[in-house]
Protein chains: 2
Amino acid sequence: MTPTTSKKPAISTSTQVCALIGNPISHSLSPAIHNAAFAALALDFVYVAFEVEDLAPAIESMRALKGFRGMSVTMPHKTEAMKYVDEISELDQQIASINTIINQDGRLVALGTDGPAALKTIKDADVELGERNVLMLGSGGVSRAIAFTLAKNAPLASIALMDIDKTLLERLASDLRAGTDTSIRADALSHANLERAMGTADLVINCTPVGMHPNPNACLVPPELLRPRQVVFDVVYNPLETKLISTAKTRGLKTVSGMDMFINQAVMQFERFTGARAPVDVMRGVALDGLES
Amino acid sequence: MTPTTSKKPAISTSTQVCALIGNPISHSLSPAIHNAAFAALALDFVYVAFEVEDLAPAIESMRALKGFRGMSVTMPHKTEAMKYVDEISELDQQIASINTIINQDGRLVALGTDGPAALKTIKDADVELGERNVLMLGSGGVSRAIAFTLAKNAPLASIALMDIDKTLLERLASDLRAGTDTSIRADALSHANLERAMGTADLVINCTPVGMHPNPNACLVPPELLRPRQVVFDVVYNPLETKLISTAKTRGLKTVSGMDMFINQAVMQFERFTGARAPVDVMRGVALDGLES
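Presented here is an overview of the structure given in this document. This structure is a prediction, so every number in the text was calculated from the model and none was measured.

With an RMSD of 0.0 Å, the operation that places chain A on chain B is a rotation of 180 degrees combined with a shift of 0.0 Å along the axis. In short, the pair behaves as if placed about a two-fold rotation axis. When C-alpha positions in chain A are compared against the rotation axis, the closest is assigned to S61 of chain A, at 2.7 Å. Of the residues that chain A buries at the interface, 100% are likewise interface residues in chain B, meaning the two copies contact each other through the same surface.

Below, the discussion takes up the packing of aromatic side chains. All names here are of chain A. Applying the stated rule across the entire model yields 10 aromatic pairs over all chains. With 4.3 Å between their ring centres and 20 degrees between their planes, Y237 and F262 make a pair best called stacked. Taken together, the positions of Y237 in the loop between β11 (231–234) and α8 (243–250) and F262 in helix α9 (residues 258–274) put the pair 25 residues apart, joining distant regions of the chain. Given a relative accessible area of 25%, Y237 falls into the partly exposed group.

Let us look at the pattern of salt bridges. Inspection of every chain in the model, using the stated rule, returns 24 salt bridges over all chains. Here E51 of chain A and K66 of chain B are joined by a salt bridge, their closest N and O atoms 3.9 Å apart. Here E51 of chain A is found in strand β2 (residues 45–51), whereas its partner K66 of chain B is found in the loop between α2 (55–64) and β3 (68–73) on a different chain. According to the relative accessible area criterion, K66 of chain B is partly exposed, its value standing at 33%. Ionic pairing is found between R144 of chain B and D175 of chain B, a salt bridge with its closest N-O pair at 2.8 Å. With R144 of chain B in helix α5 (residues 141–153) and D175 of chain B in helix α6 (residues 166–179), the pair connects residues that are 31 residues apart, well separated along the chain. Looking at R144 of chain B, the relative accessible area reads 9%, which means it is buried. Connected via shared salt-bridge partners are E51 and E53 of chain A together with K66 of chain B.

Residue and element names in this part refer to chain A. Contact pair helix α4 (residues 114–124) / helix α5 (residues 141–153): the axes reach a minimum separation of 8 Å and the direction vectors enclose 60 degrees. Between α4 and α5, the crossing angle belongs to the class labelled oblique. Relative to α5, α4 is oriented so that their crossing is right-handed. Residues D114, G115, P116, A118, L119 and I122 of α4 form the contact with α5, whose participating residues are V142, A145, I146, T149, L150 and N153. The residue inventory of the contact of α4 with α5, partitioned by class, reads eight nonpolar, three polar and one charged.

Let us look at the environment of E131 of chain A. Residues and elements named next belong to chain A. Relative to the helices and strands, E131 resides in the loop between α4 and β7 (133–137). Taking the relative accessible area as the measure of exposure, E131 reaches 59% and is therefore exposed. As for E131 and S158, which are separated by 27 residues in sequence, their C-alpha atoms are 7.7 Å apart. If we skip the residues at most four places from it in the chain, E131 touches P155, L156, A157 and D202.

Here we take up the interface of chain A and chain B. Of the residues lining the interface, 28 residues belong to chain A; the matching set on chain B comes to 28 residues. Here chain A packs against chain B, burying approximately 2,200 Å² in sum over the two surfaces, 69% of which is carbon and sulfur. The interface formed by chain A and chain B holds four salt bridges in total. Among the ionic pairs, E53 of chain B bridges to K66 of chain A, the shortest N-O distance being 2.9 Å. Linking chain A to chain B there are six residue pairs in polar contact (both at pLDDT 80 or more). For the side of chain A that touches chain B, the secondary structure elements donating two or more residues are β1 (16–22), α1 (30–40), β2 and α2 (55–64) of chain A.

Below, the discussion takes up the packing of helix α1 (residues 30–40) of chain B against helix α9 (residues 258–274) of chain B. All names here are of chain B. It is the contact of α1 with α9, at a shortest axis distance of 11 Å, that shows an interaxial angle of 50 degrees. One way to sum up the angle between α1 and α9 is to call them oblique. As α1 runs across α9, the sense of the crossing is right-handed. Contact residues: α1 offers I33, H34, A37 and F38, while α9 offers F262, A266, Q269, F270, F273 and T274. A class-by-class count of the residues in the contact of α1 with α9 yields seven nonpolar, three polar and no charged.

Within the element layout of this structure, N35 of chain B appears in helix α1. In this structure N35 of chain B touches I11 of chain A together with V46 and Y47 of chain B, once residues within four positions along its chain are discounted.

Moving on, we get to the pairing of strand β7 (residues 133–137) of chain B. Residue and element names in this part refer to chain B. For β7, a buried count of four out of five residues is recorded, marking the element as mostly surrounded by other parts of the structure. Relative to strand β8 (residues 158–163), β7 runs parallel, the two sharing five bridges. Bridged to M136 within β8 is L161. One crossover worth recording links β7 to the parallel β8 by way of α5, and it is right-handed.

Thresholds applied
Residues numbered from 1 in each chain as written. Chains lettered and ligands numbered in written order. Predicted model: local features only at pLDDT ≥ 70, side-chain atom pairs only at ≥ 80, totals over all residues. Heavy atoms only, no water. Least-squares fit on C-alpha atoms with pLDDT ≥ 70 in both. Contact = heavy atoms within 4.5 Å. Phe/Tyr/Trp six-rings, centres within 6.5 Å; stacked < 30°, edge-to-face > 60°. Helix = DSSP H or I, 4+ residues; strand = E, 2+ residues; numbered from the N terminus. Buried < 20%, exposed > 50% of the residue type's maximum accessible area, 1.4 Å probe, protein only. Salt bridge = Lys/Arg side-chain N within 4 Å of Asp/Glu carboxyl O. Axes fitted to C-alpha atoms, helices over the stretch in contact; angles between N-to-C directions. Parallel < 35°, antiparallel > 145°, perpendicular 65-115°, else oblique. Left-handed = near helix turned anticlockwise from the far one by under 90°. Nonpolar A, V, L, I, M, F, W, Y, C, P; charged D, E, K, R; others polar. Buried area = accessible area lost by both parts, 1.4 Å probe. Polar contact = N/O pair within 3.5 Å; in protein donor to acceptor, adjacent residues only side chain to side chain. Pairing = 2+ DSSP bridges. Right-handed = clockwise from strand over helix to strand, strands pointing away.

Here you go:
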């Protein structure tokens, strides 16, 4: 999909600047996606990318450079960035990472869009959450964001967490127990534990990188553990259809797309940057083009 | 003139960023000029503009934001900026202002292009400088840049300085006497002093804002003081032809264009930003378009 750029204002002194910061950043599709969306709506914005090691001055620069409207924050800065901003919601503080900074006249407001994007993606897929049991594979940053957002916003029966990293796992479990009313269980990721958890899970969410390019044949869940009426959500979107998703589809299960979550988090950033309704189809088209190339 | 943009790479994570910083910046043509030049050469660069009050973090940001390749520095920051960079030539230190910062892998190299641009413009106009007497009106930043550059690089007979601001005037005169071998004279800007100085001046350079839009009928030099074979250079480029320049032309004198100097300083910045030879005609076309609109 090629968005029209004919109406886009030329860059001038009034152009607002947004930027990705992270390290590495070389494979990010964010500049292409956001610039295409600005162009499609003829908004006077531009989106660039900076590799950043020294985080404090990178974020502080937004206060000094007026017109530096927003940042997308990616690995490895999503937690440390919280130290240098002025405002973070209680939920994002519990999640303990952010991926977006908005410069409101020198006041830096940080937020995470991963959790809300995951929730929206699940709801858009017409997945029922009431009294459901969620099994989350992985307890890193994305898992924290999704688990807290679901626990705070959906009437789940329970969340079961699994990870091979016991420290991350126990910390997320204990933070969820302290910060939400949802029933939480945490177990080491082993075949036996997985088999038992899959026996009661209604929604399975892979928040690990397993199955991501360049290892597309990897999958944490053996096919025989998938049961009828389970819903499978893989946050991995490269490849678009992971082994976990293709296996679930083969079994006739409903699946939720990591690409949809990826688009939704970008949409939410875009709407905070601009105040405009995002051209979702344009953004999706650019993301799909970018993955293919 | 509309440069072709067909080959320009889309902004991506590899795009290098340049920016204007200053306050105010709203009327600057620099984003239009540099972006048109990047586009004409299909260079993977983008040029934005930031209004800046707090200078130190604005400049420090270049060290933290890799890919932030260069800055154009304008009023009121051209002197204070020198405090926050790593390398400045001896001549630029004498001039005591810079207008360009190049980020060389985190090392910030500052330079001024006003003086070299003025010298190039004078030379391109085939103005002889050997053993000539130069009269400079004004002793502010641009005057300092031009006076030091000429004194260091041209075999002048003398430079006469005039200003109504005695502090600026005496400081520039004393700095020129200490830092160059050129004969320097400094006088208050009065009709009598001007009449005397015009009697021996070969090249008259207006470095004051007198005659600038919105006061295009103002002129420091009474027409009757202009003499045959004098050359008149007005750094003011808006309007393109100031009252001083049109009067000199009416008298049949050779004139040197402030617009040419403006283009040359942008060309020199561009070539330092990119390492590429600037598309001068493209840049001039955009500047002229910008002035007309």
